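Fold and geometry: a report
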Amino acid sequence: MSDVLPSTLRRRRAMVLLTAAALVGLGLAWTLDRGPDGDRSADDSDDTRRAAVRVELAAEAWTLAPYDGVGAWVDVYDWTDEFTGSQPSVGLEDLDRMAEVGVDTVFIQTAHNRSAAPGVIEPDRLDAMIDRAHDRGLHVVAWVLPPLVDLDADLRRLTASAELPVDGLGVDIESVEVADVADRNRRLLELTDRLRAEVGTDKALAAITPSAVHLQVVNPGFWPGFPWPAVAAAYDVIQPMAYWSIRDQALRDGGLYVGDNMDRIRASTGDADIPIHPVGGIADGVSVEQVAGMVRAIQARGGPGGGLYDWASSNAEQWAAMAQLRADG
């Protein structure tokens, strides 16, 4: 992707940087005001500085940059104690490995409607993973799947995730728990409006959507009338779940499936310029050749990058095939 941001995002970023700088300045000034006999300890001062830096980091990075390059996906069934029976398959060392194999961004599921936590899950563990990823030079994008049944609860999980020191937020749009399609669309767009009101217009948000091929070819009854134009207007980047491994015959082809998805999304949104960062996979069911085909399809259509779902089921050879999408490549 070009390093020239759309004008709206340039304005958003400028406002956020000013806010972050002001907060950092306030935090530093407050710390310096404390003399040697003040009632704050050295550890407290360190916490203040660290918090200010984290605010600056999260605010500065809510641009399109995290979607430029190679993405690895992690869900709650990989990293949490709650959803793995205290046997997570993804831990801190995996962030090191991601950096080693050329991942630019880790997309991590931060909340779940079936979790005992009303907001983010296991915040201490999650915080450590975010810090480790940043230490290794990775962007971190939080993602949440709202069932759209209880919009207040959905918004609570999304805003709690947005308050983490992450570099972006994605809304996973795939739940069909609300059976009536018109009501489902209304709820999705209402939640989107409420989320935008909470995070502000200065934040780039991602729509993680169903495969357009799935909706339009494989199973048109799954979500008829999916609101592509409204989604494109409300979100800054689209990330279709282009899992060709679950398809049959000709559609079980990384290049064909991803390319057709990108073409259909652009046609359906009426926006030829919206950034599309496809999510390929599922990784343990795809070949290196198919991954290479996905990469070629993305490059041929000027996509900023792409990812694999998911990290836990992937292998080193697949990430080597993804290398041509690297943000610095």
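Whatever comes next refers back to the structure up there.
Here is a short report on the structure shown in this document. The model shown is predicted, which means the values in this text are computed figures rather than measured ones.

A tally of helices and strands in the chain yields 12 helices and 8 strands. By residue count, 53% of the 329 residues in the chain fall in the buried class. For the chain, restricting intrachain contacts to residue pairs at least 6 apart in sequence, the fraction spanning at least 24 positions comes to 80%. On the chain, roughly 14,000 Å² of surface is accessible, and the fraction owed to carbon and sulfur atoms is 51%.

Turning next to the packing of helix H6 (residues 151-162) against helix H7 (residues 181-199). Where H6 meets H7, the closest approach of the two axes is 10 Å, and the angle between their N-to-C directions is 35°. Along this stretch, H6 crosses H7, giving a crossing that reads as right-handed. For the pair formed by H6 and H7, the contact residues are Leu-151, Asp-152, Asp-154, Leu-155, Leu-158, Thr-159 and Ala-162 on the first element and Arg-187, Glu-190, Leu-191, Arg-194, Leu-195, Glu-198 and Val-199 on the second.

In this structure the tally under the stated criterion is 8 aromatic pairs. Centre to centre, the rings of Tyr-67 and Phe-107 are 6.0 Å apart; their planes meet at 35°, and the pair counts as tilted. With a gap of 40 residues between them, Tyr-67 in the loop between helix H2 (42-60) and strand E1 (69-74) and Phe-107 in strand E2 (residues 105-109) connect regions that are remote in the sequence. Each of the two residues, Tyr-67 as well as Phe-107, counts as buried. Through a chain of ring-to-ring contacts, the aromatic side chains of Tyr-67, Trp-73, Phe-107 and Trp-143 assemble into a single cluster. Over the ring of Trp-223 we find Arg-184, and its NZ or CZ is 4.7 Å from the ring centre. Cation over ring: Lys-203 sits above Trp-62, and NZ or CZ is 4.5 Å from the ring centre.

Burial within strand E6 (residues 237-242) is extensive, with 6 of its 6 residues counted as buried. Judged by which residues are buried, E6 turns out to be covered on both faces: Val-237, Gln-239 and Met-241 on one side and Ile-238, Pro-240 and Ala-242 on the other are all buried. The pairing of strand E5 (residues 205-209) with E6 spans 4 bridges and is parallel. Counted as the bridge partner of Ala-206 is Val-237 from E6. Where E6 meets strand E7 (residues 279-281), 2 bridges bridge the pair, whose relative direction is parallel. Note that in E7 the partner of Ala-242 across the bridge is Gly-280. For the crossover from E6 across helix H10 (residues 254-269) to E7, the handedness is right-handed.

About the thresholds
- Numbers given for residues are sequential positions, taken from 1 along each chain in its written order.
- Owing to the predicted nature of the model, reporting of local features is limited to residues with pLDDT of at least 70; listing and counting of side-chain atom pairs is limited to 80 or more, with chain, interface and lining totals taken over all residues.
- No hydrogens and no water enter the side-chain calculation; it runs on all heavy atoms of the structure.
- Strands are runs of DSSP state E lasting at least 2 residues, helices are runs of H or I lasting at least 4, and numbering of each runs from the N terminus.
- We call a residue buried when its accessible area falls under 20% of the maximum for its residue type, exposed when it is over 50%, and partly exposed in between, using a 1.4 Å probe and counting protein chains only.
- Only heavy atoms matter for contacts: two residues are in contact if any of them lie within 4.5 Å across the pair.
- Only the protein chains shown count as cover for residues, and all accessible areas are computed by the Shrake-Rupley method using a 1.4 Å probe.
- Lines are fitted to the C-alpha atoms to define the axes, a helix being fitted only along its stretch in contact, and any angle between axes, read from their N-to-C directions, falls within 0 to 180 degrees.
- A clockwise turn of the near helix away from the far one marks a right-handed crossing, whereas an anticlockwise turn of less than a right angle marks a left-handed crossing.
- The aromatic pairing rule takes the rings of Phe, Tyr and Trp, using the six-membered ring of Trp, and pairs them if the centres are within 6.5 Å, calling planes under 30 degrees apart stacked, those over 60 edge-to-face and the rest tilted.
- Whether a charge lies above a ring is judged from NZ of Lys or CZ of Arg, which has to be within 6 Å of the ring centre and within 35 degrees of the ring normal.
- Should DSSP find at least two bridges between two strands, the strands are taken to pair.
- For crossovers, right-handed means that the path from the first strand over the helix to the second runs clockwise, given strands pointing away from the viewer.

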